[in-house]
Amino acid sequence: MARPRRASPVPPPGGGTRGPAAPVPRSRWLGLLLAGVVGSAAAQYRGPLFDAHLHYNVEACGHAAAATTTTECPHPLPDVLDRLQRNGVRAIVANSRPNDGTRALAQAGEQARAAGVAVVPFVRLYRDRADYNNWFRDPSILDMVNTELARGTPAGPYRGLGEFHLYDSGNADGPVARQLMALADRKDLAILAHVDDVAVEKLMGHTPSKGQSTRLIWAHTGIGGSSVARVDALFARFPRLHGELSYRPGLTCGEGTLCPEWRALLLKYPDRFLIGSDTWVNQRWLQYDGLMQGYRAWLGTLPPEVAKKIAWDNGAALFGLTEPSPR
């Protein structure tokens, strides 16, 4: 999986392709440089972020809430919460392989509150990596999900199911996939699905509402490169379909700016997009600051009200969170 582009630094004042110019007095140059820095900072989105796609997998230390940094626990909870806090991430959708990682985040309690982070727990369908390719037809997955839902978490009930993967869209018709989609509709659980556009249609068709009341967060909004026109058509058809934007091919162009067709789509559906880190491997934790800075850069190119919807409001509305107080 390719790493999303990060925003490039702002070029120094006077940059460009023009020929030599007369020397700029030092005081004037410093003034221009300061103006450029201030302008750059002002252009970035500076409000709260909702990370709608975060994993605390066993490799990161999701199994050991109180562990210290060791080779077995490279990212203990204090490290994770510090990364969230310093990047202004005020809420997360937590889902992990196995679900112990989500429970570790959910039971952080006072630590999470001190960091200003709300945890929205999801049941992930994976006990181990073998489940990635078989969950949709394995009845023991359904049993595990029901057990976790009944158990709940220290942060309250689970709010959704996933992330899950379907590498073949035909597997959306698997018996467990059908049952879990119907269960989500009945219990008003959100879904986080890493699937293609065909599978989105199939999954929605397995719900009692036929996708009309289903909160499905489409991980990466089609990592395989579903066209903007296709995303547009699915958004028009399913009113509660949301697109999460990590790893989305074609989202940004050049220096981390939004590509024109994606900018137009975000402006057309400002209430339907979310951001996420997808910390599926430990390298993504090491890149976390850059990932969030990249989001803030292109969010800053949107109208402020649209930027805040994508950055925070849409996720908060999905799960009934209140506006965080300034920090």
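Residues numbered from 1 in each chain as written. Predicted model: local features only at pLDDT ≥ 70, side-chain atom pairs only at ≥ 80, totals over all residues. Heavy atoms only, no water.

## Considering the side chain of histidine 165
- The residue histidine 165 is located in strand E4 (residues 160-165) in this model.
- Here histidine 165 falls in the buried class, since its relative accessible area comes to 8%.
- Once residues within four sequence positions are removed from consideration, histidine 165 is found in contact with Arg124, Tyr126, Tyr132, Trp135 and His194. (Helix = DSSP H or I, 4+ residues; strand = E, 2+ residues; numbered from the N terminus. Buried < 20%, exposed > 50% of the residue type's maximum accessible area, 1.4 Å probe, protein only. Contact = heavy atoms within 4.5 Å.)

## Quick word on the sheet that holds E4
- Within the open sheet, the eight strands sit side by side as E1-E2-E3-E4-E5-E6-E7-E10. Their pairing is parallel. Taken across any chain shown, the strands that pair with only one partner, and hence form the sheet edges, are strand E1 (49-54) and strand E10 (273-274). (Pairing = 2+ DSSP bridges.)

## Section: the pattern of salt bridges
- One pass over the full model with this rule turns up 19 salt bridges.
- One salt bridge connects lysine 202 with aspartate 173, and the closest N-O pair in it is separated by 2.9 Å. Of the two residues, lysine 202 sits in helix H7 (residues 197-205) while aspartate 173 sits in the loop between E4 and helix H6 (175-187), which places them 29 residues apart along the sequence.
- For lysine 202, a relative accessible area of 27% puts it in the partly exposed group.
- Judged by relative accessible area, aspartate 173 falls into the partly exposed class, the value being 29%.
- Each of Asp197, Glu201, Arg230 and Arg237 takes part in a single network of salt bridges with overlapping partners. (Salt bridge = Lys/Arg side-chain N within 4 Å of Asp/Glu carboxyl O.)

## Considerations on the packing of helix H8 (residues 228-237) against helix H9 (residues 260-268)
- Contact pair H8 / H9: the axes reach a minimum separation of 10 Å and the direction vectors enclose 10 degrees. Regarding the angle of H8 to H9, the classification is roughly parallel. Between H8, through Val228, Val231 and Asp232, and H9, the contact on the second element is made entirely by Glu261, Trp262, Leu265 and Lys268.
- Here the residues of the contact of H8 with H9 sort into four nonpolar, no polar and three charged. (Axes fitted to C-alpha atoms, helices over the stretch in contact; angles between N-to-C directions. Parallel < 35°, antiparallel > 145°, perpendicular 65-115°, else oblique. Nonpolar A, V, L, I, M, F, W, Y, C, P; charged D, E, K, R; others polar.)

## Concerning the confidence of the model for the chain
- A residue-level look at the chain finds 84% of positions with pLDDT of 70 or above and a mean pLDDT of 87.
- Taking the mean pLDDT of every element in the chain, the minimum, 41, falls on helix H1 (residues 26-43) and the maximum, 99, on E10.
- Residue range residues 1-41 is modelled with pLDDT below 50. Its contacts to residues more than four positions away, or to other chains, number 29 contacts.
- Within the model, the stretch residues 65-69 combines pLDDT values under 50 with 10 contacts to residues more than four positions away or in other chains. (pLDDT = per-residue confidence, 0-100.)

## Some points on the state of the cysteines
- Tallied over the full model, the rule gives two disulfides.
- The disulfide partner of cysteine 61 is cysteine 73, and the gap between their sulfur atoms is 1.9 Å. Between cysteine 61 and cysteine 73 the disulfide shows an S-S torsion of about -90 degrees. By sign, it is left-handed. In this pair, cysteine 61 sits in the loop between E1 and helix H2 (77-86) while cysteine 73 sits in the loop between E1 and H2, placing the two residues 12 residues apart along the sequence.
- Its relative accessible area of 0% is what places cysteine 61 among the buried residues.
- One disulfide bridge connects cysteine 253 with cysteine 259, the sulfur atoms lying 1.8 Å from each other. Its S-S torsion of about 110 degrees marks the bond between cysteine 253 and cysteine 259 as right-handed, since a negative value means left-handed.
- For cysteine 253, a relative accessible area of 30% corresponds to the partly exposed category.
- Sequence-ordered numbering of the bonded cysteines in the chain gives a pairing of 1-2, 3-4. (Disulfide = S-S within 2.5 Å.)

## Topic: unusual backbone geometry
- At the junction of arginine 97 and proline 98, the peptide bond is cis and its omega measures out at -10 degrees in the coordinates.
- As for its placement among the helices and strands, proline 98 is situated in the loop between strand E2 (89-94) and helix H3 (100-106).
- Following glycine 162, the chain continues to glutamate 163 via a peptide bond in cis, the omega torsion being 10 degrees.
- The backbone of lysine 210 shows a phi angle near 55 degrees, a positive value even though the residue is not glycine.
- Along the polypeptide, lysine 210 turns up in the loop between H7 and strand E6 (216-218).

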